[in-house]
Amino acid sequence: MTLIAYANDSGGYALHLSDAEREAPVGWVEGRGVGFRGFDSQGDAARAAYVAYEAVARWLARERLLAEPWPDAADLDATADGPLLWLEASGVRVGRIVPPSEIDGEGTHAFELLLPPRVGGATGLNAALVIHRALRSRCATPAQGGPRWRCSAS
């Protein structure tokens, strides 16, 4: 499946997966946030976030886009703050688990990673491609019924 980005009115992008037969919304890029949806539970979204975070951390280091290293993926943890579930690494908020109530459509969970402050704009699209590749290599999505990811963090 191919990842397609459509510009939106807010200056971000809607991400869709497409093949010869269908196209389905799968994520977004807004400011520093890069999100992917299509997970059946918070746990599934958290496992996918780990896969994505690990891939983005390696990519940021390889491309030398950071002034200092991003916290290690091994330190990634989910921390509740009221109704929000934040992703933190070494005490730094690096993303969140997004509940179905914030996503249009199918009642799926999502995750959103926050890129470092000096990394943004079009770099978010590149990060989305890195995440998509990581999810495709480490997670499975059924052939029918829209993008529902099944991930293993190991």
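Let me sum up the structure you'll find in this document. (Residues numbered from 1 in each chain as written. Predicted model: local features only at pLDDT ≥ 70, side-chain atom pairs only at ≥ 80, totals over all residues. Heavy atoms only, no water.)

1. Looking at the overall build of the protein
Part 1: Per the secondary structure count, the protein includes two helices and ten strands.
Part 2: Across the protein, helices and strands are ordered from the amino to the carboxyl terminus as β-β-β-β-α-β-β-β-β-α-β-β.
Part 3: Residue burial in the protein is summarised as follows: out of 154 residues, 44% are buried.
Part 4: By sequence separation, contacts in the protein at least 24 residues apart represent 48% of the contacts at least 6 residues apart.
Part 5: With the model as given, the accessible surface of the protein reaches about 7800 Å², and the carbon-plus-sulfur share is 50%. (Helix = DSSP H or I, 4+ residues; strand = E, 2+ residues; numbered from the N terminus. Buried < 20%, exposed > 50% of the residue type's maximum accessible area, 1.4 Å probe, protein only. Contact = heavy atoms within 4.5 Å. Areas by Shrake-Rupley, 256 points an atom, 1.4 Å probe, with all protein chains shown as cover.)

2. Let's talk about the pattern of salt bridges
Part 1: Summed over the entire model, instances satisfying the criterion amount to six salt bridges.
Part 2: A salt bridge links R47 to D44; its shortest N-O distance comes to 2.4 Å. Here R47 pairs with D44, and both are found in helix α1 (residues 42-62), just three residues apart, close to one helical turn.
Part 3: Residue R47 is classed as partly exposed on the basis of its relative accessible area, which comes to 35%.
Part 4: Between R96 and E102 there is a salt bridge, with its nearest N and O atoms 3.0 Å apart. (Salt bridge = Lys/Arg side-chain N within 4 Å of Asp/Glu carboxyl O.)

3. Considering the side chain of T108
Part 1: Position of T108 relative to the elements: it lies in the loop between β7 (92-98) and β8 (109-114).
Part 2: Among the polar contacts made by the side chain of T108, one reaches the main-chain amide nitrogen of G38 at a distance of 3.4 Å. (Polar contact = N/O pair within 3.5 Å; in protein donor to acceptor, adjacent residues only side chain to side chain.)

4. Observations regarding the nonpolar core
Part 1: By size, the foremost hydrophobic cluster in this structure holds 38 residues, and its most contacted members are F36, V56, F111 and I131.
Part 2: Mapped by element, the contributors of at least two residues to this core are β2 (13-18), β3 (23-30), β4 (33-39), α1, β6 (84-89), β7, β8 and α2 (123-138).
Part 3: With sequence-adjacent residues up to four places away left out, I131 is seen in contact with V34, F36, A52, V56, F111 and L113. (Core = buried A, V, L, I, M, F, W, Y, C linked by side-chain atoms within 4.5 Å.)

5. Notes on the pairing of β8
Part 1: Of all six residues in β8, five are buried, a share of seventy percent or more.
Part 2: Bridge count for β4 against β8 is six bridges, and the pairing is antiparallel. Within the sheet, the bridge partner assigned to G35 lies in β8 and is E112.
Part 3: Here β7 pairs with β8 via four bridges, running antiparallel. Across the sheet, residue R96 finds its bridge partner in β8, namely E112. (Pairing = 2+ DSSP bridges.)

6. Observations concerning the side chain of S18
Part 1: For S18, the position within the fold is in strand β2.
Part 2: Beyond its immediate chain neighbours, meaning those up to four positions away, S18 contacts M1, T2, I4 and E23.

7. So, α2
Part 1: With 16 residues, α2 ought to run about 22 Å at 1.5 Å a step, and its terminal C-alpha atoms sit 23 Å apart, in line with that.
Part 2: Burial in α2 covers these residues: G124, A127, A128, V130, I131, H132, A134 and L135. (Expected span 1.5 Å × (residues − 1).)

8. Overview of the packing of α1 against α2
Part 1: The contact between α1 and α2 brings their axes to 9 Å, and the two run at 125°. Considering the angle they form, α1 stands oblique to α2. In this structure, α1 crosses over α2, and the sense of that crossing is right-handed. Contacts from A48, Y50, V51, A52, E54, A55, V56 and W59 in α1 reach T123, N126, A127, V130, I131, A134, L135 and R138 in α2. (Axes fitted to C-alpha atoms, helices over the stretch in contact; angles between N-to-C directions. Parallel < 35°, antiparallel > 145°, perpendicular 65-115°, else oblique. Left-handed = near helix turned anticlockwise from the far one by under 90°.)

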